[in-house]
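A look at the structure
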Amino acid sequence: MPLRNRLRLLAISGLALFTVSASLPPAAADGSRTHRPSGGGLSAMIRYTEYGIPHIVAKDYANLGFGNGWAQAADQVCTLADGFVTLRGERSRYFGPDAAPDGSLSSATKNLSSDLYFRGVRGSHTVEKLLKVPAPAGQSRDVKELERGWAAGYNAWLAQNRITDPACRGADWVRPVTTLDVAVRGFALSVLGGQGRGIDGITAAQPPTGTSQTPGAPSPGDAADAAQRLLSTQNADMGSNAVAFSGSTTANGRGLLLGNPHYPWQGGRRFWQSQQTIPGELNVSGGSLLGSSTVSIGHNANIAWSHTVATGVTLNLHQLTLDPADPTAYLVDGRSERMTKRTVSVAVKDGGTVTRTQWWTRYGPVVTSLGGGLPLPWTTTTAYALNDPNATNLRSSDTGLGFSRARSTADIQAALHRTQGLPWVNTIAADSSGHSFFSQSQVLPRITDDLAARCSTPLGRATYPSSGLAVLDGSRSDCALGSDPDAVQPGIFGPSRMPTVKDAPYVENSNDSAWLTNAAAPLTGYERVFGTIAAPRSMRTRGAIEDVSAMAAKGRLTVADLQDQQFANRAPAGDLSAADLAGACAALPGGSAVGSDGKAVDVSAACDVLRRWDRKADTGSRGALLFDRFWRRATAVPPAELWKVPFSPADPVGTPNTLNTSAPGVTKALADTVTELRAAGIALDAPLGRYQTVVRNGKRIPLGGGTESLGIWNKTEPVWDAAAGAYTDVSAGSSYIQAVGWNGSKCPVARTLLTYSQSSNPNSPHYSDQTELFSGERWVTTRFCEKDILRSPALRVVRVHERR
C-alpha cells in the first residue's frame, strides 16, 4: 500500500480509537463490541452513522470482506444462517422435509426438493470446479479474497457476540460458514432464473417403468400460456424501476439516476446498505443482496447504477429422443448416449435418510416440470433437459466490483463486456459527466431466432414466440447453441449482441423488454429470447414512460425531482379508467350492480368516492383502497374485453385505453368490492394508509404505493388479511431506493431509503427506523465523504478483529 494511504488509514484509525474511547458505551446496541488485536488475523474498521448504516474501511479486499461479513451478521444473522442451511442442503434435517423454504434461493416448494438439489450441487463439486476457472471466465482474485474475508467476518461475529434475534437465538442450525458456502450462495442467486426455476422438476425426475403412470404432455397452446405466465416479469416477486437522465435534461449538465428495485421484504433476497472503502483503491456506497460481498446497486463519487429484472429467458429446454432400449439413454445424430446418475442422500428431521437419483445429460439435468403449470413428462420415448448457462457463471460479483470501481458509464460498459456476469438483470447508469446508459447485458443461452426456426420441436414452436422459452431438438448436433467470438463462455451471447442505449435524454426500464428504453427511439433488432418488440407494455411501464419523458422534456432536473417522482404515487390505471367507472356507476339503474353471487348490491355510494379520488396511492388518498380492490378483480377480465381501444404498436404508451364499462365483469367487480369492504367495516372513502400498513413491534406504520396492475412507480405488494379486513404486511416492493446526482464537488448528491430497514431483528434499533421514514416519504442523506461521516451525530466506531 502506498505510504500516503497507510498514513491516511492510520489517521482514520486514530480518530476511530479516540471516538470509541470518548463516546461509546461498553457494549454497542446491536451486540458488537470494540475488539483489539489479538495475535493478527483479518480486521476492519466500521463507522456507523444514522439508521445503522456501516461505513467499512479496510486495507485490502480480504479485510474489507471481513468487515462486510461481520456487519451483515450483526444485522441479519438469522436470515443469513437460514440461507446457509438451505445451501448446505440441511433444511429437512432441521425444519422437516415437507415444510416450505422461504423461496429466496430457489423455487423449491418443499425442503426435501431444495435439499436434494443443493446436496447434488455439493456432491458433484459444481462450485469448487467453477472456482478453479481463471478469470475472466471465472472469478478474479479480488472477489475470492472478498469472499474469504466475508466468511471469516461472519464467523468472527458469531464467535464474539450473543444472538438476540428470537428467530434463531439458541438454534443449533446457526453455525460457522466456509468460503465455499459464500460462493454457493452466489451460485444459487445466479441460477435463480434457470435451474432454480426447475428444482422440483429436477429432483422428481425418474425414468418411466412398466407400472408407472406418466402424465400426458400439455398441448402446445396450453404450454405456451403456461410458459408465458411462468416467465413474465410482471408476475415475479422481483421487479424494479430505474431511470437515468443525461446532462441535456438536468440543471447542471451532469447525470441523474433514480433506482427503485422491487424485491421481497422478507427472507434472503433483502438488500442491506453499506459503504465499502479501501483507501486509494475503492470507495462505494449502496445496497448489497444479503450474503453478497460486493455492492449490488449503488454509487461512488462519479457513477451511479441500478438494475431492473430483465425479460431475457435465462434457460432453454432440449427435447430428448430416447433410446428405445433404455429410457435413461438418448439419441444424438442416431448414436445413443447414457445419462449420468447423481445419487443424493438427505438427512431428515427425527432421523432417517431420503435417497434419490438425479439424471443429467450433455445439455443439463432432466426436468419433468417448470413451475406448477408446465409439466414435461418423461415417457418411454421423450424427456426434457434444462440448459442453464448461469450454472457455469460465478462472475456476477466481479461485475459488481467493476461497477464499484467505475468512473464513467463507459467504465460500466467495459465492466459488463469484461466480466459478462449478470444473470437476470438490466443495468441503468448515469455519471457525473452527464452520460446516461442502459444495457440488457445478461448471460443468456445463445438462442437466435434462426436457430429456433430450424430446431424448435412442436412444443418449442408454441413456447418460443409466446415467452422466449426455446425447446430445441436434442437429437441433432446441428441444433447446438454455438458461441459468439466475444463471449467469455461457450453457448451464450457476446457483448456485441446486447441491447444497449447510450446518452439518450433518458433511459428507463420497468421490467418490460428493451424496446421502449427511450420511447422516442424504440430499440429493435434483438433476438426474441431477449424480449418482445412492438408488444403491449405493462401499466407500470406505460406510467413510468409518461412520467420520465415529461420530466426530460421539462428539463432543469435535480435530485429533488427524482425524489418527487419516487413518491408521486400516481396510479396510471386510475387515470385511464376511474372517471369512466364513476360515470358508469352513477348510471346504474337504482344504483345497483349484480355481484358474483348473483345478488344485487347497492353501489351508489362508491360512485362519488371514485369521482373524487385523487388518482394517487398516498396514505391519505380516499378512494384508493376502493379502486385497488376493484381493479384487482377487473383485471381478470381479458384485455380484449376490458378496453374499448386495443393496443397499437403506433401508440404503445397510450394504448389500450377507454374502460369498457359494459363488460359484465366490470360492474360485477365493483359490486364484489363494495360487498367486501362493507363486510370488513371499511368506509368506501377510507384513507389508504389506515388499511395499508405494516406492523413493527406492535406499531402500525401506514404505507403508500400500490400493486403491479395499478402501474404505480412506488410499487407495494401488500398482503390482504381477509380476517382483519386490511393489508397488514408487504411481500415485495420498493426496497433499496437511491436518487443520485452531482454538483461539481467531490461528494455526490445522494438520497437513499432502505424501506424495510437494516435489520430483521425486532430487538435492533434499526428494525423499523427507515420503514417509518418510508411511510413519511422522507429520505436518508448519504454520508459518502469523510467530512460528512465524521460529522454524523450518530457516529459510532467499532474496530473488529479475528481472534487467533
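Residues numbered from 1 in each chain as written. Predicted model: local features only at pLDDT ≥ 70, side-chain atom pairs only at ≥ 80, totals over all residues. Heavy atoms only, no water.

Details of helix α7 (residues 179-190)
This is how the line gets drawn: Per the convention used, a helix needs a DSSP run of H or I reaching at least four residues, while a strand needs a run of E reaching at least two, with both numbered from the N terminus. Multiplying 1.5 Å by the helix residue count minus one yields the expected span of that helix. Relative accessibility under 20% of the residue-type maximum defines a buried residue, over 50% an exposed one, and the middle range a partly exposed one, all with a 1.4 Å probe and only protein chains included. Residue contacts follow a heavy-atom distance rule, with two residues in contact if any of their heavy atoms lie within 4.5 Å.
When the terminal C-alpha atoms of α7 are compared, their 17 Å separation across 12 residues agrees well with the 16 Å that a helix rising 1.5 Å per residue should span. The element α7 is largely enclosed, with a buried count of 9 among its 12 residues. All of the buried residues in α7 are D181, V182, A183, V184, R185, F187, A188, L189 and S190. Looking at the buried residues of α7, the elements they touch are α2 (61-87), α4 (111-123), α5 (126-131), α6 (141-160) and β6 (282-289).

Notes on the sheet that holds strand β12 (residues 340-347)
Convention followed: Whether two strands pair comes down to DSSP finding at least two bridges between them. To get an axis, a line is fitted to the C-alpha atoms, and for a helix only the part in contact is used. The angle between two axes follows their N-to-C directions and goes from 0 to 180 degrees.
Here 3 strands make up an open sheet; going across it, the order is β12-β13-β14 and the pairing antiparallel. Here the strands that pair on one side only, and so sit at the sheet edges, are β12 and β14 (364-365). Strand direction decides the pairing type here: β12 and strand β13 (residues 353-361), joined by 8 bridges, are antiparallel. Across the sheet, the residue bridging to T340 is W360, located in β13. Across the sheet, α4 is in contact with β12 and β13; its angle to β12 comes to roughly 125 degrees.

A look at the packing of aromatic side chains
The following threshold applies: Pairing of aromatic rings covers Phe, Tyr and the six-membered ring of Trp, with a centre-to-centre limit of 6.5 Å; geometry is then stacked below 30 degrees between planes, edge-to-face above 60, and tilted otherwise. The rule for a charge over a ring is simple: NZ of Lys or CZ of Arg within 6 Å of the ring centre, and within 35 degrees of the ring normal.
A complete count under the given rule lists 23 aromatic pairs for this structure. Arranged with centres 6.3 Å apart and planes meeting at 40 degrees, the rings of F66 and W70 form a pair that is tilted. With a gap of 4 residues between them, F66 and W70 both fall in helix α2, about one helical turn apart. Here the two residues F66 and W70 agree in accessibility, since each one is buried. Ring geometry for Y117 against F118: centres 5.1 Å apart, planes inclined by 80 degrees, an arrangement best described as edge-to-face. Among the residues examined, Y117 registers a relative accessible area of 2% and is labelled buried. In this structure F118 comes out as buried when scored by relative accessible area, which is 1%. A connected cluster of aromatic rings, assembled from ring pairs, spans W265, F567, Y756, F774 and W779. The ring of F84 is capped by R185, whose NZ or CZ atom sits 5.4 Å from the centre of that ring. Across from the ring centre of W360, 3.6 Å away, lies the NZ or CZ of R342, which sits over that ring.

A word on the pattern of salt bridges
How we decide: Just to be clear on terms, a salt bridge is a Lys or Arg side-chain nitrogen sitting within 4 Å of an Asp or Glu carboxyl oxygen.
Summed over the entire model, instances satisfying the criterion amount to 32 salt bridges. Taking the shortest distance from any N to any O, the salt bridge between K110 and D98 comes out at 4.0 Å. Residue K110 is found in the loop between α3 (91-95) and α4, and its partner D98 is found in the loop between α3 and α4; the two are separated by 12 residues along the sequence. A residue is classified by how much of its surface remains accessible, and K110, at 41% relative accessible area, is partly exposed. A salt bridge links D547 to R570, with the shortest nitrogen-to-oxygen separation between them at 3.0 Å.

A short note on the sheet that holds strand β18 (residues 425-431)
One open sheet holds the 10 strands; their spatial order is β21-β19-β18-β8-β7-β6-β5-β2-β1-β34, and the pairing between them is mixed. The outermost strands of the open sheet, each flanked by one partner alone, are β21 (500-502) and β34 (796-801). Across this sheet, the average inter-strand angle for adjacent strands is 20 degrees, counted without regard to direction. Examined bridge by bridge, strand β1 (residues 43-49) and β34 share 6 bridges and lie antiparallel to one another. In the sheet register, A44 faces β34, and the bridge partner there is V800.

Overview of the nonpolar core
Quick reminder of the rule: Nonpolar cores were defined as sets of buried Ala, Val, Leu, Ile, Met, Phe, Trp, Tyr and Cys residues, with membership established by side-chain atoms within 4.5 Å.
Core analysis: the biggest nonpolar cluster contains 162 residues, and V77, Y154, F187, F245, L370 and I447 have the highest contact counts within it. Top contributing element to this core by residue count: α2, with 15 residues. Every residue in contact with Y154, bar those within four places of it in the chain, is listed here: G69, W70, A73, V77, L80, A81, F84, R175 and V177. Core analysis: the second largest hydrophobic core is formed by 44 residues, L581, C607, V609 and A669 among them.

Remarks on the packing of α6 against helix α10 (residues 396-405)
Using the following cut-off: Angular relationships are summarised with four words: roughly parallel below 35 degrees, roughly antiparallel beyond 145, roughly perpendicular across 65 to 115, and oblique for the angles in between. Gly falls in the polar group here, along with every residue not listed as nonpolar (Ala, Val, Leu, Ile, Met, Phe, Trp, Tyr, Cys, Pro) or charged (Asp, Glu, Lys, Arg).
Two elements in contact, α6 and α10, have axes whose closest approach is 9 Å; the angle formed by their N-to-C orientations is 105 degrees. Here α10 runs roughly perpendicular to α6, going by the angle between their axes. Residue-level contacts link D142, V143, L146 and E147 of α6 to S397, D398, L401 and R405 of α10. Per-class residue counts for the contact of α6 with α10 are 3 nonpolar, 1 polar and 4 charged.

Considering the state of the cysteines
Our working definition: Disulfides are defined as cysteine sulfur pairs within 2.5 Å.
This structure, assessed with the given rule, holds 4 disulfides. Through a disulfide, C455 is tied to C479; the S-S separation comes to 2.1 Å. Because the torsion about its S-S bond is -85 degrees, the bridge between C455 and C479 counts as left-handed. Highlighted residues: C455 in helix α12 (residues 449-455) and C479 in the loop between β20 (471-473) and β21, separated in sequence by 24 residues.

Observations regarding the environment of C479
The class of C479 is buried, set by a relative accessible area of 2%. Placed 23 residues apart in sequence, C479 and S456 show a C-alpha to C-alpha distance of 8.9 Å. Sequence-distant contacts of C479, defined by excluding residues within four places in its chain, comprise L451, C455, L472 and D473.

Some remarks on empty space enclosed by the protein
Short version of the rule: Site definitions follow a grid-based scheme: protein atoms alone, a 1 Å grid, a 1.4 Å probe that fits but cannot get out for cavities, and for pockets an open set with protein on both sides within 12 Å along at least five of seven lines, plus lining residues having an atom within 4 Å of a point. Grid points are joined across faces, edges and corners, and a volume is the space filled by probe spheres set on the points.
Per the counting criterion, the structure on display carries 9 cavities of 30 Å³ or more. Of the pockets and cavities examined, the largest cavity occupies roughly 440 Å³. Lining the largest cavity are 31 residues; nearest its centre among them are L189, L289, S292, S296 and S396. Elements with a minimum of two residues in the lining of the largest cavity: α7 and α10. Among the elements that line the lining of the largest cavity, the one with the most residues is α7, at 7 residues. Roughly 120 Å³ of volume is contained in the second largest cavity. Lining the second largest cavity are 16 residues, with I53, H55, Q273, T782 and R783 sitting closest to its centre. Looking at the lining of the second largest cavity, the elements with two or more residues in it are β2 (53-57), β5 (271-278), β6 and β33 (780-781). At 3 residues, β5 tops the list of elements feeding residues into the lining of the second largest cavity. Residues that form the lining of the second largest cavity fall into these classes: 3 nonpolar, 11 polar and 2 charged.

Here we look at the confidence of the model for the protein
Caution applies to low-pLDDT regions: their predicted coordinates should not be interpreted in detail. Selection rule: pLDDT measures the predictor's confidence residue by residue and takes values from 0 up to 100.
On average, residues of the protein carry a pLDDT of 94, and 94% of them reach 70 or more. Within the model, pLDDT remains below 50 along residues 1-39, and this stretch shows 56 contacts once partners closer than five positions in the same chain are excluded.

Remarks on unusual backbone geometry
Excluding glycine, residues mostly have negative phi values, and the peptide bonds linking residues are mostly trans. Put simply, A135 and P136 share a cis peptide bond, and its omega is 10 degrees. Relative to the assigned elements, P136 resides in the loop between α5 and α6. Of note, the amide linkage connecting T655 to P656 takes the cis form, showing an omega dihedral of -5 degrees. Backbone geometry at D333 places phi at a positive 55 degrees, although glycine is not the residue there. Positive phi, close to 80 degrees, is recorded for N511, a residue that is not glycine. Note that N511 resides in the loop between β22 (506-509) and α14 (539-554). By relative accessible area, which is 0% here, N511 ends up buried.

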